[in-house]
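A look at the structure
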Amino acid sequence: MKNIRLVFIYSVFMVSNVLNAQDLRTDWWTDARFGMFIHWGLYSGAEGMWKGEKHRHFNNYAEWIKYRNRISTEAYGKLAERFLWDDIDPEEWVILAKKAGMHYITITAKHHDGFALWDTQVGEYSFKQYDPESKDVIAELAAACKKHGIKLGFYYSHWVDWEHPFGWDHNRELSDDLSAEEFDQYWQEKVMPQLRELLTNYGEIAMLWFDMWIPHQETIVEEHQVRQVISLVRELQPDCLINSRLGLPVSDPDIDFETLGDNQLGAIYQTNPWQTPGTIAHSWGYNALENEWKSTNQLLQALINNVSLNGNFMLNIGPRADGSVPFESISRLKDMGQWLATNGEAIYQAGGIALRPTQHDWGKITYKSEGERKKLYLQVFNWPLDKILRVTGITATPKSAYLLADKLKTNLSFDQKGPFLHIDLPRIQPDPFVSVVVLEFGEDLNLDREVAAESSFGGVSLHARNLLSHKAEKVKADRVTPEHLLLKEAEVLEWKFYVDAPGEKQMSLSYANPGIKDIDFQLEIKGLETITKSLPPTGKVVVEPNQQFYAEEFVDTPLGKVNIPEPGYYTVLFQLKTRSRESLKLNWIWVE
């Protein structure tokens, strides 16, 4: 028994050490929050077109043109002749990142096309082999990053490689002609020696960003190969971060952060490090026909959303073959940099709090702890018309409230009742994109994670996202149908809400009844009043005329007034009382 106890203690000690090492590796990265992605390679010379033909795939990802337009390896390599080496200056990319408020850069050292941006000694598929006038862009970028204090990371496509005869190509799903032994030959001949070059020849490498977007078990890549990469990284650059697209989950102690899907923003609060790779435009590599540019507001809100859920945002640029960056990218990065120069305190070294991700309809909340002082940053996307910012779910009382843009920290008046905090805002918002209100606390925040939030217009909406019971089926909104709960006879729904002043409260309900008979329900405000009503069939609504395009109609139905005798917390219970072949679709219950 003594030996078993010693083994257990040793195991806990070892796991703790591994997790501590993981935390230490990611400390700088979670503080940084915002980085630059650079997609640049041979595809930048094609600009999304090949021999007069546009990219053949609907997604128009220019970096996939070799595969989509079925270009031979040799013909594709000749795109190197289009690069204007006298004009290409990677330091300009670094300066752009720094002005944008970014703290790290990841560049596509080798994308799926298998072409190396650096002077590799492995194989003959690099700029050095195709253009004697070329230069080692990776070396120049590494020097510029070191000069300007920006962390450098490399994207490396380890699974897909369209150049090597034994690299993975999605077309092999048809031919089924690649053996595990052949793929391992590619791995040992190209992947491992090229990674060794990148980790050896360019100074400190902060991150290796792999791009296998499914678990390795669903691919030809085997775990021993993935572990071989990890061993190499830990041997040569122990502090280098590795992302989950290597093929392992973030729960593995050697995976440092989770990579969400491309342009997939965070939806839940997570404690593990994670990141969204996003684009300013649509394509990642430069596409001359690009016309889908995200606005500065969209990009700022994406960054803020992720930080509010403890995540990072890595935003992509796609330079041309002369190194230039499209004006649309530069202008947005300039705007973001100016915003961060004023409001960066609410992003860098900040995280989130564990309220519902969609708690407030006016924006998001980020959080920072500075010793005994706690700060909440209320990121206001939509400045309230009545100039009252309604915050729900924080029961501690702030010591002060002020605008982050106000250097004098002029106090904003506020009123707090239970989990409701009302902050009086100035008439003019300080920032045209996102304005930030700071709340300072001298104690823990004391979060109420259950109470439904107050709307910007007063009143409380009870819906699928603040439901306490979880048996009902939740249906997400689509193009024409709102989010709703699909209810059957036996389910009881429960919500918690707060009333800050007694009196009569008007209630209403939004629903769709697709059947042919009325459906009875019972709504109870626990301990106070019970409402029983029938909900008749609602039929359809015309979405677009003359197209036979119809959708379920959701009807706003008054439920009458309920007398609330005193301020406090109340519970709403909702249950169907009628058997029906069709399920009721409940959108929301509104308490005025």
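What follows covers the overall build of the chain. From N to C terminus, the chain includes 12 helices and 29 strands. Here the chain holds 592 residues, and 55% of them are scored as buried. At a minimum sequence separation of 6, the contacts of the chain that also span at least 24 residues come to 72%. For the chain, the accessible surface area stands at approximately 26700 Å², while carbon and sulfur atoms represent 50% of it. Charged side chains of the chain number 61 positive and 82 negative; the gap between the two group centres comes to 4 Å.

All right, on to the sheet that holds strand β4 (residues 104-110) then. Spatially, eight strands are ordered β7-β6-β5-β4-β1-β10-β9-β8 in an open sheet, and the strand pairing comes out parallel. Edge strands, defined here as strands with exactly one partner in the open sheet, are β7 (241-242) and β8 (258-259).

Tallied over the full model, the rule gives 31 aromatic pairs. Judged by centre distance (5.8 Å) and plane angle (85 degrees), the ring pair of W28 and Y104 falls under edge-to-face. Taken together, the residues span a long stretch of sequence, with W28 in helix α1 (residues 2-32) and Y104 in strand β4 at a distance of 76 residues. Residue classification places Y104 among the buried positions, given a relative accessible area of 0%.

Our next topic: the nonpolar core. Judged by nonpolar contacts, the single largest core of 114 residues is most densely connected at W40 and F154. The element best represented in this core is helix α9 (residues 180-200), accounting for eight residues. Discounting residues that sit within four places of it in the chain, F154 has contacts with T106, I107, A109, I138, L198, Y202, I205, M207, L208 and W209. Formed by 35 residues, the second largest nonpolar core is a distinct cluster that contains V460, L462, F497 and L535.

Moving on, we get to the state of the cysteines. All told, the structure shown has zero disulfides when counted by the stated rule. Between C145, a free cysteine, and C240, which holds the nearest cysteine sulfur, the sulfur-to-sulfur gap is 14 Å. Residue C145 is classed as buried on the basis of its relative accessible area, which comes to 1%. Taking the relative accessible area as the measure of exposure, C240 reaches 1% and is therefore buried.

Let us look at the pairing of strand β17 (residues 435-441). It is a general feature of regular strands that their side chains alternate between the two faces of the sheet. Among the seven residues in β17, seven count as buried, and that is most of the element. Residue alternation in β17 divides its side chains into two sets, S435, V437, L439 and F441 and V436, V438 and E440, and both sets are buried. Taken together, the seven bridges between strand β12 (residues 373-380) and β17 define a ladder with antiparallel strand orientation. Within β17, the position partnered with L376 by the bridge is L439.

Where helix α11 (residues 296-308) contacts helix α12 (residues 327-343), the two axes come as close as 9 Å, and the packing angle between them is 50 degrees. Taken as axis vectors, α11 and α12 run oblique relative to one another. In terms of crossing hand, the pair formed by α11 and α12 is right-handed. Side by side, α11 and α12 meet where T296, L299, L300, L303 and I304 of the first sit next to R332, D335, M336, W339 and L340 of the second. Considered class by class, the residues forming the contact of α11 with α12 number seven nonpolar, one polar and two charged.

Here is what the cut-offs are and how they apply
Each chain carries its own residue numbering, running from 1 in the written order of its sequence. Predicted model: local features are reported for residues with pLDDT of at least 70 only, side-chain atom pairs are reported and counted for 80 or more only, and whole-chain, interface and lining totals are derived from all residues. Note that water and hydrogens are dropped before the side-chain values are worked out from all heavy atoms of the structure. Numbering of helices and strands runs from the N terminus, with a helix taken as a DSSP run of H or I at least four residues long and a strand as a DSSP run of E at least two residues long. Burial here depends on accessible area, computed with a 1.4 Å probe over protein chains only, as a share of the maximum for the residue type. Under 20% is buried, over 50% is exposed, and the range in between is partly exposed. By definition in these notes, contact holds between two residues if any of their heavy atoms fall within 4.5 Å. Each accessible area value is a Shrake-Rupley result obtained with a 1.4 Å probe; residue values ignore everything except the protein chains displayed when judging cover. The charged-residue count follows a simple rule in which Lys and Arg add positive charge and Asp and Glu add negative charge, with His and chain termini not counted at all. To locate a charge, the coordinates of NZ of Lys, CZ of Arg, CG of Asp or CD of Glu are taken. Here a strand pair is declared whenever DSSP counts at least two bridges between the two strands. Stacked, edge-to-face and tilted labels apply to pairs of Phe, Tyr and Trp rings (six-membered ring for Trp) whose centres lie within 6.5 Å, assigned for plane angles under 30 degrees, over 60, and everything in between, in that order. Residues grouped as a nonpolar core are buried Ala, Val, Leu, Ile, Met, Phe, Trp, Tyr and Cys residues, joined through side-chain atoms within 4.5 Å. Our working definition of a disulfide is a cysteine sulfur pair at a distance within 2.5 Å. Lines fitted to C-alpha atoms define the axes, with helix axes restricted to the stretch in contact, and inter-axis angles between N-to-C directions lie between 0 and 180 degrees. Small angles under 35 degrees read as roughly parallel and large ones over 145 as roughly antiparallel, with 65 to 115 read as roughly perpendicular and the rest as oblique. Rotating anticlockwise by less than a right angle from the far helix to the near helix defines a left-handed crossing, while the corresponding clockwise rotation defines a right-handed one. Classification convention: Asp, Glu, Lys, Arg as charged; Ala, Val, Leu, Ile, Met, Phe, Trp, Tyr, Cys, Pro as nonpolar; all other residues, Gly among them, as polar.

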